[in-house]
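Coordinates in review
Chain by chain, the residues:
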Amino acid sequence: AQTAAVSPVPAKPKAGEGGGVRRPEQRQLAVPAPEKRLVDELVEEALVWSSQHGLVVGDKNHPRSGKAPGVGLLHAPFSLLPMSFPKVYWDQAVELAPLFNELVDRVSLDGDFLQETLARTKEVDSFTARLLDIHSKMMKLNKKEDVRLGLTRSDYMVDGATDLLLQVELNTISTSSNGLACGVCELHRNLIRQHERELGLNPECVVGNTAIAQHAEALAGAWAEFNNQSAVVLVVVQAEERDGLPVAVVYFRAGYTPNDYPSEAEWRARLLIECSSAIKCPSIAYHLVGTKKIQQELAKENVLDRFLDSKADIEKVRKCFAGLWSLENDNIIMSAIESPELFVLKPQREGGGNNIYGDNLRETLVSLKNDGNNELAAYILMQRIFPPASLCYLVREGTCIRENAVSEFGIFGSYLRSKDKVVINDQCGYLMRTKAASLNEGGVVAGYAFLNSVFLT
Ligand code: ADP
Ligand code: MG
Ligand code: MG
């Protein structure tokens, strides 16, 4: 089973190619790519559609972008055609979504586990330390969150060497791009519908995306649980927003990066919100569950057993774990210094662009090791996943390029719990992102990846 751009289908890897480093390579086109005339036509139509339907982002090169509404907008970077995606992976990711939602909830209730697992990280990472301080204050106050809301996104890549769907990370805060993900799915359906015969593709195979509607539903569900008609939903886009009304739900669109806390005022606001009776999305505990360090701890032998009851569920979840290591183990540090291309070094950060790869990874490890302090505890090491590559048409700033590309696939989840009652535990829509196979990082907003949709095969 392989992922591929729908039109250019990649060949299966040759027998005996497994093991060792397998760099994504250019694969043969099994189905002829659309001829140039058709590609040009599709690009033009896609650009018009994007402008007409709000598939747009702020244009960084425009001085007034982000300052004046409707000014300095540019079409979002997108793949011209969807990514073909085998149904087995889709089904697996969909099945995992409620399990991960439940796991986040269970782990969030174990305050000692969070504090202990992140204790060494806390000493060297001041941002995580501040989050943990808020969390330990809540533990001292014995603060209980009866209603808990999670809007999550579990990200995966297909590992080309093993054909396994492996989790890249689990996001619990500010799981963005749901609007754009829905938009690009509509774009692809439209393009394929308009050119069904020429492309020879069935538009119904583009999986519909419900991310926006279902996340909104979960927010509304949480608001209803709060049970106060005059209460509002507060969306944190900048710190210290106040509106003089009771707040039922606080949604953090910001607050996941140190940049969102330029002064003590933002930290006070975060603490104030955490102390309040509002339903937080995420609570401080949910936020901490989403750290790379917790991801790594959960992947250790027998740790999942503390949080999930069913052996079958534990097996399913474990199956998508890639290799993850803490840097307490000298052997793994030596392996990474020897073969940095097989690993990703990750700090406790969100939003893309923070990971360390290749020669940089080696140099960082060597210098941290020589320093001898425990700075290493700020990071985890992860097995580098090499997804199979295929030729894609990628459109940015009106220009279409043909690129050997790989994809990352995320499933959104929503979870709403009120005391013992699980109100919502669902998968809800997806995010498919495609980037040049030669790139390390992958964010759309960060400028690396292109939005894409799933063409089920
Ligand atoms: P963030 O929270 O900043 O999004 P991620 O763990 O998702 O952090 O890493 C950012 C990007 O780095 C991913 O979108 C992906 O492109 C790449 N990446 C992360 N982990 C791996 C991995 N194990 N193998 C290959 N690429 C990875
Ligand atoms: Mg993340
Ligand atoms: Mg990510």
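Keep in mind the model is a prediction, meaning the values are calculated, not measured.

Conventions we followed
- Residues numbered from 1 in each chain as written.
- Chains lettered and ligands numbered in written order.
- Predicted model: local features only at pLDDT ≥ 70, side-chain atom pairs only at ≥ 80, totals over all residues.
- Heavy atoms only, no water.
- Pairing = 2+ DSSP bridges.
- Helix = DSSP H or I, 4+ residues; strand = E, 2+ residues; numbered from the N terminus.
- Axes fitted to C-alpha atoms, helices over the stretch in contact; angles between N-to-C directions.
- Contact = heavy atoms within 4.5 Å.
- Phe/Tyr/Trp six-rings, centres within 6.5 Å; stacked < 30°, edge-to-face > 60°.
- Lys NZ or Arg CZ within 6 Å of the ring centre and 35° of its normal.
- Near = heavy atom within 4 Å.
- Polar contact = N/O pair within 3.5 Å; in protein donor to acceptor, adjacent residues only side chain to side chain.
- Areas by Shrake-Rupley, 256 points an atom, 1.4 Å probe, with all protein chains shown as cover.
- Salt bridge = Lys/Arg side-chain N within 4 Å of Asp/Glu carboxyl O.
- Buried < 20%, exposed > 50% of the residue type's maximum accessible area, 1.4 Å probe, protein only.
- Nonpolar A, V, L, I, M, F, W, Y, C, P; charged D, E, K, R; others polar.
- Donors = N, O, S within 2.8 Å, 3.2 Å for Na, K, Ca; no water.
- Core = buried A, V, L, I, M, F, W, Y, C linked by side-chain atoms within 4.5 Å.

Quick look at the sheet that holds strand 9 (residues 247–252) now. The strand order across the open sheet formed by 3 strands is 8-9-10, and the pairing between neighbours is parallel. Single-partner strands in this sheet number two, and they are strand 8 (232–236) and strand 10 (279–281). On average, each strand axis in the sheet is inclined to that of its neighbour by 15 degrees, with strand direction left out of account. The pairing of strand 9 with strand 10 spans 3 bridges and is parallel. Counterpart to Y251 in the pairing with strand 10 is C281. The strands that helix 8 (residues 211–226) touches are strand 8, strand 9 and strand 10; relative to strand 9, the one it contacts most, it runs at about 150 degrees. Its contacts with the sheet put helix 9 (residues 264–275) on strand 8, strand 9 and strand 10, and the angle it makes with strand 9 is roughly 135 degrees.

To continue, consider the packing of aromatic side chains. In this structure the tally under the stated criterion is 11 aromatic pairs. Through a chain of ring-to-ring contacts, three or more aromatic side chains come together here, namely F85, Y89, W90, F409 and Y430. Here R270 stacks its cationic end above the ring of F252, 4.5 Å away from the centre of that ring. One Lys or Arg, R396, reaches over the ring of F450 and ends 4.4 Å from the middle of that ring.

Another aspect to go through is the site of ligand 1. Surveying the vicinity of ligand 1 reveals 21 residues, the closest of which are K292, K346, G352, I385 and E408. In this structure, G351 approaches ligand 1 through a main-chain N or O atom, which is 3.3 Å from an oxygen atom. The contact in question runs from an oxygen atom of ligand 1 to an N or O atom on the side chain of K435, over 3.1 Å. In isolation ligand 1 exposes 540 Å². Once the protein is present, 96% of that is buried. Secondary structure elements with two or more residues in the shell around ligand 1: strand 7 (164–171), strand 12 (343–347) and strand 13 (379–383).

Counting across every chain of the model gives 29 salt bridges. The shortest N-O distance in the salt bridge between E198 and R37 comes to 3.6 Å. Placement of the pair is E198 in helix 7 (residues 196–199) and R37 in helix 1 (residues 36–52), with a sequence separation of 161 residues. With a relative accessible area of 46%, E198 lands in the partly exposed category. Note that R433 is salt-bridged to E408, the shortest N-O span being 3.2 Å. One end of the pair, R433, is in strand 16 (residues 421–436); the other, E408, is in strand 15 (residues 399–418), and 25 residues separate them in sequence. E408 shares its class with R433; the two are buried. A single salt-bridge network, built from bridges that share partners, covers E102, D105, R106, R148, D309 and R417.

The relative placement of two packed helices is expressed as an angle between their axes plus a distance between the axes. As a packed pair, helix 6 (residues 178–194) and helix 8 sit with axes 8 Å apart at the nearest point and diverge in direction by 145 degrees. Of the residues in helix 8, those in contact with N178, G179 and C182 of helix 6 are A211, I212 and H215. When the residues that make up the contact of helix 6 with helix 8 are grouped by side-chain class, the tally is 3 nonpolar, 3 polar and no charged.

With that settled, consider the coordination of the magnesium ion (ligand 2). Each pair of donors in an ideal octahedron of six around a metal sits at 90 or 180 degrees, and each pair in an ideal tetrahedron of four sits at 109.5 degrees. Protein-derived coordination of the magnesium ion (ligand 2) comes from E169 (OE), E169 (OE), N171 (OD1) and E350 (OE), at a distance range of 1.9 to 2.3 Å. Expressed as a motif, the donor residue spacing for the magnesium ion (ligand 2) is E-x1-N-x178-E.

A separate point is the nonpolar core. Of all hydrophobic cores here, the largest spans 94 residues; its most connected members are L80, F85, F100, V107, L298, F409 and Y430. A total of 10 residues in this core trace back to one element, the largest contributor, which is helix 2 (residues 87–109). With near-sequence residues (within four places) excluded, L298 lies in contact with L103, V107, F113, V303, L304, F307, R318 and F321. I332, I333, L345 and L361 belong to the second-largest nonpolar core, a separate cluster that totals 15 residues.

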